[in-house]
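So you can see what is in the structure, the chains are spelled out below.
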Amino acid sequence: MTAKFRGTYSVMVTAYDDAGAFDPGAMARYTNWQIEEGIHGLMPLGSTGEFLSLTTKEREAVARCVVDTTAGRVPVLIGAGAERTEDVIENCRMAADVGAQGMLIIPPFYSTPTEDELYRHYERIAASTNLPIMIYNNPATSNVDLTPPIVARLSEIDGVDYIKESTMDVTRVRDIIDMCGDRMTVFGGIMGFESFVNGAVGWVAVASNVLPKQCADLFTLTADKQDYDAARALYHEILPMIRLVGGHRYVSATKAALKLMGMDTGNPRAPRLPLPASEMPILHDAMRAVGLMQEERA
């Protein structure tokens, strides 16, 4: 299989207005900015996009806004995860209807499915769509660990072609490639640079919400140019922001940073709260370290 998707993909925030409603104008501006900055692909309706806090109608509106604004300039993969298999299938139909190029699908996140249940879940989903599927391993949020042997079994399903491997263990990238061969294309999640070095051909990034150019350049330097010294230098330059949005602040800090950059996407939805005032100095320090404070960009 030749990888159709590669590079750094932003797992996007969802833009809201001051009343907390979805703001298509702000979402379109943010989408355009991401593309103009050189991002390789976009993923709305992931965890950072608060997909569980949106209605079905809102999810379709977000997906359609991003796909229409992108207008084919970069691939768009829609977060389609849900607890019920039939709901995932409906989300995949929606993704196809709005013109997305694929789906990101986390395992059911409450029922702790067995390996056989996972296989049947993804088998039914893949049979329902012609779009490629990127499975998503994030045991911290899904309560399911897609270990390399399980991934190898899932890679036998036609259409399950990609994985976002989002543990801190980059040997997973090596082992998935070793066990799956060309049946599975690996994207890093938390560990972008380290995943590239181990053979990943992409990165689903949170930090690229605020650093799209730098995160895209990190992929190009590592995977395409194989200039590891330059890549390592860039990685350390942007590491303060990667660290900041890598934990519990991944939505609130990302949105607060975007607002400070003049790209207001509103506050998170409940139960999430905006970044506390007591943590704003931490954000300011990280943004200053990577050159994102407005007064330094003027």
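For the structure itself, look to the data block above.
What counts and how
- Residues numbered from 1 in each chain as written.
- Predicted model: local features only at pLDDT ≥ 70, side-chain atom pairs only at ≥ 80, totals over all residues.
- Heavy atoms only, no water.
- Helix = DSSP H or I, 4+ residues; strand = E, 2+ residues; numbered from the N terminus.
- Buried < 20%, exposed > 50% of the residue type's maximum accessible area, 1.4 Å probe, protein only.
- Lys, Arg positive; Asp, Glu negative; His and termini not counted.
- Salt bridge = Lys/Arg side-chain N within 4 Å of Asp/Glu carboxyl O.
- Contact = heavy atoms within 4.5 Å.
- Phe/Tyr/Trp six-rings, centres within 6.5 Å; stacked < 30°, edge-to-face > 60°.
- Disulfide = S-S within 2.5 Å.
- Polar contact = N/O pair within 3.5 Å; in protein donor to acceptor, adjacent residues only side chain to side chain.
- Axes fitted to C-alpha atoms, helices over the stretch in contact; angles between N-to-C directions.
- Left-handed = near helix turned anticlockwise from the far one by under 90°.
- Nonpolar A, V, L, I, M, F, W, Y, C, P; charged D, E, K, R; others polar.
- Core = buried A, V, L, I, M, F, W, Y, C linked by side-chain atoms within 4.5 Å.

Q: Residue-level account of the side chain of Glu194, with values.
A: Mapped onto the elements of the fold, Glu194 is located in helix H8 (residues 192-197). Salt bridges are absent for the buried Glu194, whose nearest opposite-charge side chain, Arg243, sits at 8.3 Å. Excluding residues that lie within four positions of it along the chain, Glu194 makes contacts with Val170 and Tyr235.

Q: Help me get a handle on the packing of aromatic side chains, residues and values and all.
A: Inspection of every chain in the model, using the stated rule, returns 8 aromatic pairs. With a centroid separation of 6.3 Å and 70 degrees between ring planes, the pair formed by Phe51 and Phe109 is classed as edge-to-face. Of this pair, Phe51 sits in the loop between strand S2 (41-43) and helix H2 (56-70) while Phe109 sits in the loop between strand S4 (102-105) and helix H4 (115-127); the two residues are 58 residues apart in sequence, bridging distant segments of the chain. Members of the aromatic cluster, connected to one another through ring pairs, are Phe5, Tyr9, Tyr162 and Phe187.

Q: Tell me about the state of the cysteines, and name the residues and values.
A: Per the counting criterion, the structure on display carries 0 disulfides. Left without a disulfide partner, Cys180 is nearest to the cysteine sulfur of Cys92, which lies 20 Å away. Cys180 gets classed as buried once you look at its relative accessible area, which sits at 2%.

Q: If you had to explain the environment of Gly266 to someone new, which residues and values would you point to?
A: Residue position: Gly266 is located in the loop between helix H11 (252-260) and helix H12 (280-289). As for Gly266 and Phe22, which are separated by 244 residues in sequence, their C-alpha atoms are 9.2 Å apart. Filtering out sequence-adjacent residues up to four positions away, Gly266 remains in contact with Tyr16 and Lys255.

Q: Lay out the pattern of salt bridges with the relevant residues and their values.
A: One pass over the full model with this rule turns up 18 salt bridges. In this structure, Arg6 engages Asp224 in a salt bridge whose closest nitrogen and oxygen atoms are separated by 2.9 Å. Of this pair, Arg6 sits in the segment before strand S1 (7-11) while Asp224 is found in helix H9 (residues 212-224), placing the two residues 218 residues apart along the sequence. The exposure class of Arg6 is partly exposed, given its relative accessible area of 37%. Across the pair Glu123 and Arg120 runs a salt bridge whose closest N-O atoms are separated by 3.1 Å. Note that Glu123 and Arg120 are positioned in helix H4 at a spacing of 3 residues, about one turn of the helix. Using a relative accessible area of 30% as the deciding quantity, one classes Glu123 as partly exposed. Among the charged side chains, a network of salt bridges with common partners joins Glu50, Lys255 and Arg272.

Q: For the environment of Thr167, give the residues involved together with the corresponding values.
A: Among the secondary structure elements, Thr167 is positioned in the loop between strand S6 (160-165) and helix H7 (171-180). Other than its neighbours up to four places away in sequence, Thr167 contacts Asn137, Pro139, Arg172, Ile190 and Met191. In this structure the side chain of Thr167 is engaged in a polar contact, spanning 2.4 Å, whose partner is the side chain of Glu165. A polar atom in the side chain of Thr167 sits 3.3 Å from the backbone nitrogen of Asp169.

Q: An account of the packing of H2 against helix H3 (residues 85-98) is requested, with residue identities and associated values reported.
A: Relative orientation and spacing of two packed helices are given, respectively, by the angle between their axes and the distance between those axes. The contact between H2 and H3 brings their axes to 9 Å, and the two run at 35 degrees. When the axes of H2 and H3 are compared, the crossing they make is right-handed. When H2 is examined against H3, the residues Arg59, Glu60, Ala63, Arg64, Val67 and Asp68 are found in contact with a partner set consisting of Asn91, Met94, Asp97 and Val98. Partitioned by chemical class, the residues of the contact of H2 with H3 number 4 nonpolar, 1 polar and 5 charged.

Q: Describe the nonpolar core, naming the residues involved and giving the relevant values.
A: In this structure, Met27, Ile105, Tyr122, Ile135, Leu218 and Met241 are the most contacted members of the largest nonpolar core, which totals 104 residues. Of the residues forming this core, the biggest block, 8 residues, is contributed by helix H10 (residues 228-244). What Tyr122 contacts, discounting residues up to four positions off in sequence, is Ile105, Ile106, Pro107, Ile135, Leu154, Ile157 and Val160.

Q: Tell me what's going on with unusual backbone geometry, and back it up with residues and numbers.
A: Residue Pro271 follows Ala270 across a cis peptide bond; omega there is 15 degrees. Despite not being glycine, Asn143 shows a phi value in the positive range, around 65 degrees. Inspection of the secondary structure puts Asn143 in the loop between helix H5 (139-142) and helix H6 (148-154).

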